[in-house]
Amino acid sequence: MGAQESNGQERGTARRALLGAAVLGAGGAVLGLPGAAGADERHGGGGYRSLPRPTVIGHRGASGYRPEHTFGSYQLALDLGADVVEAGDLVPTKDGHLVCRHEPEIGGTTDVSAHPEFADRKTTKTLDGVATTGWFTEDFTLAELKTLRAVERIPANRPHNTLYNGRWEIPTFEEVLRWQDEQTRKRGKQVWIYPETKHPTYFRKLGLGLEERVARLLRKYGKDKKDSPVILQSFEPSSIERLDKLVGNPLAVLLSAANTRPWDFVEAGDPRTVADLVRPEGLKWIASFAQGIGPTLDLIIPKDAAGNLTQPTTLVADAHRAGLILHPYTMRNENPFLPASFRRGTAADAYGDAFGAFKVYFETGIDGVFSDNADTALLARADFLKG
């Protein structure tokens, strides 16, 4: 693989460090190891630092196998063994409820287009500077949204998921919080979730601020503390800053391509780009109000023009130096989503060498990863930790 591989010594060091962290985090306190107790005390015993590492986060549930952001997807992610479930991407309804959808535009993730009673709701809006046509959650009451059913978002890549079109409704965040408690009781171990505030500046301008609604529900269910099993994330740093003042939960700033700017920066006239935020001074600033970052995988290992991986950046080391954990996104099994050298054949719905790609990313020292295929991720982690 050439540039895609670290030398053997570095790989061994990274693997041993992660294995040690996994042992200390998951079982060190039970074993009475001194390092683990200190970490638990600093981060509110049983908090996010106690999760297995590298942490496997079920991206929108098990969206490689079920339509995303449904209880079918969330449930399967737990059944497959995900350490954390990303439930969900939070957007508001017209009457102020929080629901779980990838985006406020729901034409591609629900059967709304098949409902003639909602035909006149189709419209074009400017969402974070981009003209977007479809149906938007903020134009529906919760009762209306509950008449819709979820469908597969990328059927060309996941035709098998279309089997489950129409089976599940749109979940609310409050339902997710109750489901989390129910699953924790049934499984006899704490279930973790990783919700995201979506387009918070856009919604605040509509009078539908997300952060206060999130905080209110977390307080209602007693999940607003530093050791609560809920990690909050957003692509807009100001949303995380706002949440930092409202709740004690662990927080993560999501980071897109290096040449982009978070939309709240655009609105506020802040000239910084993601490239500025991943420099040491930017990471230090993020660490003043957050505990982690969720960078795109390309910020960990960039690709060349042909889509092949190049050399890892210093982001992992720089973020760790700032005291931040890294949960990059998103690993998927299908060819189009893998680096070019890990693709097998040309079929858009065929699996490539996902295990090979996981190995390369794990070797960088990341603390976890979002994956649409939690089972693949867990097998890849086991291989990596075994060496």
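Residues numbered from 1 in each chain as written. Predicted model: local features only at pLDDT ≥ 70, side-chain atom pairs only at ≥ 80, totals over all residues. Heavy atoms only, no water.

Engineer: Would you take a moment to explain the pairing of strand 5 (residues 123–127) for this structure?
Structural biologist: It is a general feature of regular strands that their side chains alternate between the two faces of the sheet. In this sheet, strand 6 (residues 130–134) lies alongside strand 5 in antiparallel orientation, the contact comprising 5 bridges. The residue bridging T126 from the neighbouring strand is A131, located in strand 6. The turn linking strand 5 back onto strand 6 is made up of 2 residues, and D128 within it adopts a positive phi angle of 50°. (Pairing = 2+ DSSP bridges. Helix = DSSP H or I, 4+ residues; strand = E, 2+ residues; numbered from the N terminus.)

Engineer: It is not clear to me how the packing of helix 7 (residues 210–220) against helix 8 (residues 237–246) should be interpreted in this structure. Could you clarify?
Structural biologist: Viewed as axis vectors pointing N to C, helix 7 and helix 8 meet at an angle of 35°, and their least axial separation amounts to 10 Å. For the pair helix 7 and helix 8, the sense of crossing is right-handed. On helix 8, the residues touching E211, E212, V214, A215 and R219 of helix 7 are S239, R242, L243 and L246. Of the residues assigned to the contact of helix 7 with helix 8, the class counts are 4 nonpolar, 1 polar and 4 charged. (Axes fitted to C-alpha atoms, helices over the stretch in contact; angles between N-to-C directions. Left-handed = near helix turned anticlockwise from the far one by under 90°. Contact = heavy atoms within 4.5 Å. Nonpolar A, V, L, I, M, F, W, Y, C, P; charged D, E, K, R; others polar.)

Engineer: Help me understand the nonpolar core, please; the structure alone is not making it clear to me.
Structural biologist: Generally speaking, nonpolar side chains in soluble globular proteins are found buried as a group. Residues F173 and I293 are the most contacted members of the largest nonpolar core, which totals 84 residues. The contacts of F173, once residues within four sequence positions are left out, are A87, L90, L98, V99, C100, I193, P195, V214, L217 and L218. (Core = buried A, V, L, I, M, F, W, Y, C linked by side-chain atoms within 4.5 Å. Buried < 20%, exposed > 50% of the residue type's maximum accessible area, 1.4 Å probe, protein only.)

Engineer: In this structure, what is going on with the side chain of E334? I would like to understand it.
Structural biologist: Following the sequence through the fold, E334 ends up in the loop between strand 12 (325–326) and helix 14 (354–362). Accessibility expressed as a relative area gives 0% for E334, which makes it buried. Among the polar contacts made by the side chain of E334, one reaches the side chain of R158 at a distance of 3.0 Å. Not counting the four nearest positions on each side in its chain, E334 is found in contact with N157, R158, A348, D349, A350 and Y351. (Polar contact = N/O pair within 3.5 Å; in protein donor to acceptor, adjacent residues only side chain to side chain.)

Engineer: Explain the sheet that holds strand 9 (residues 232–234) to me, please; I cannot follow it from the model alone.
Structural biologist: In a beta sheet, neighbouring strands pair by backbone hydrogen bonds and run either parallel or antiparallel. The 7 strands are arranged 4-3-8-9-10-11-12 in an open sheet whose pairing can be described as mixed. Of all the strands in the sheet, just strand 4 (98–100) and strand 12 have a single pairing partner and so form its edges. Bridging between strand 3 (residues 89–92) and strand 8 (residues 196–197) involves 2 bridges; their strand directions are parallel. Residue pairing in the sheet places D89 in a bridge with E196 of strand 8. Along the sheet, helix 7 contacts strand 3, strand 4, strand 8 and strand 9; its crossing angle with strand 4, the most-contacted strand, is approximately 90°.

Engineer: How do you make sense of helix 7 when you look at a structure like this?
Structural biologist: One turn of the α-helix equals 3.6 residues, which is why residues spaced by three or four share an orientation. Buried within helix 7 we find L210, E211, R213, V214, A215, L217 and L218. Following helix 7 by one or two positions, G222 adopts a phi angle in the positive range, close to 65°.

Engineer: Looking at this model, I keep getting lost on the side chain of D367. Mind explaining?
Structural biologist: Position of D367 among the secondary structure elements: in the loop between helix 14 and strand 13 (368–371). A polar side-chain atom of D367 sits 2.8 Å from the main-chain amide nitrogen of L326. Each residue touching D367, except ones within four places of it in the same chain, is listed here: R53, P54, T55, H320, L324, I325, L326 and H327.

Engineer: When you look at the sheet that holds strand 7 (residues 192–193) in this model, what are you seeing that I'm missing?
Structural biologist: Sheet architecture is open: 4 strands sit in the order 7-2-1-13, paired in parallel fashion. Looking along the sheet, the strands with just one partner apiece sit at the ends: strand 7 and strand 13. Examined bridge by bridge, strand 1 (residues 55–58) and strand 13 share 4 bridges and lie parallel to one another. Its bridge partner being in strand 13, G58 is matched across the sheet by S371.

Engineer: Could you clarify how one ought to interpret the pattern of salt bridges in this entry?
Structural biologist: If charged atoms from side chains of opposite charge come close, those side chains can pair. Using the criterion set out here, one finds 32 salt bridges in the structure. Put simply, R153 and E68 hold a salt bridge, and the shortest N to O gap is 3.0 Å. Of the two residues, R153 sits in the loop between helix 4 (142–145) and helix 5 (173–187) while E68 sits in the loop between strand 1 and helix 3 (71–80), which places them 85 residues apart along the sequence. Looking at E68, the relative accessible area reads 7%, which means it is buried. Residues joined in a network through salt bridges with shared partners are R60, E68, D89, E103, R153, E196 and K198. (Salt bridge = Lys/Arg side-chain N within 4 Å of Asp/Glu carboxyl O.)

Engineer: Could you clarify how one ought to interpret the confidence of the model for the protein chain in this entry?
Structural biologist: The predicted coordinates ought not to be read in detail in places where the model reports low pLDDT. Averaged over the protein chain, the pLDDT score is 91; the fraction of residues at 70 or greater is 88%. When the criterion is pLDDT under 50, residues 1–45 qualifies, and its contacts beyond four places in sequence or with other chains add up to 55 contacts. (pLDDT = per-residue confidence, 0-100.)

Engineer: Is there a simple way to explain the packing of helix 14 against helix 15 (residues 374–386) in this structure?
Structural biologist: What describes two packed helices is the angle between their axes and the distance between those same axes. Their axes nearest at 9 Å, the elements helix 14 and helix 15 cross at an angle of 55°. As the angle between them shows, helix 14 and helix 15 are arranged oblique. Seen from above, helix 14 lies across helix 15 with right-handed handedness. Here helix 14 contributes A354, F355, F358 and F362 to the contact with helix 15, which in turn contributes T376, A377, L379, A380, R381 and F384. Class assignment for the residues of the contact of helix 14 with helix 15 results in 8 nonpolar, 1 polar and 1 charged. (Parallel < 35°, antiparallel > 145°, perpendicular 65-115°, else oblique.)

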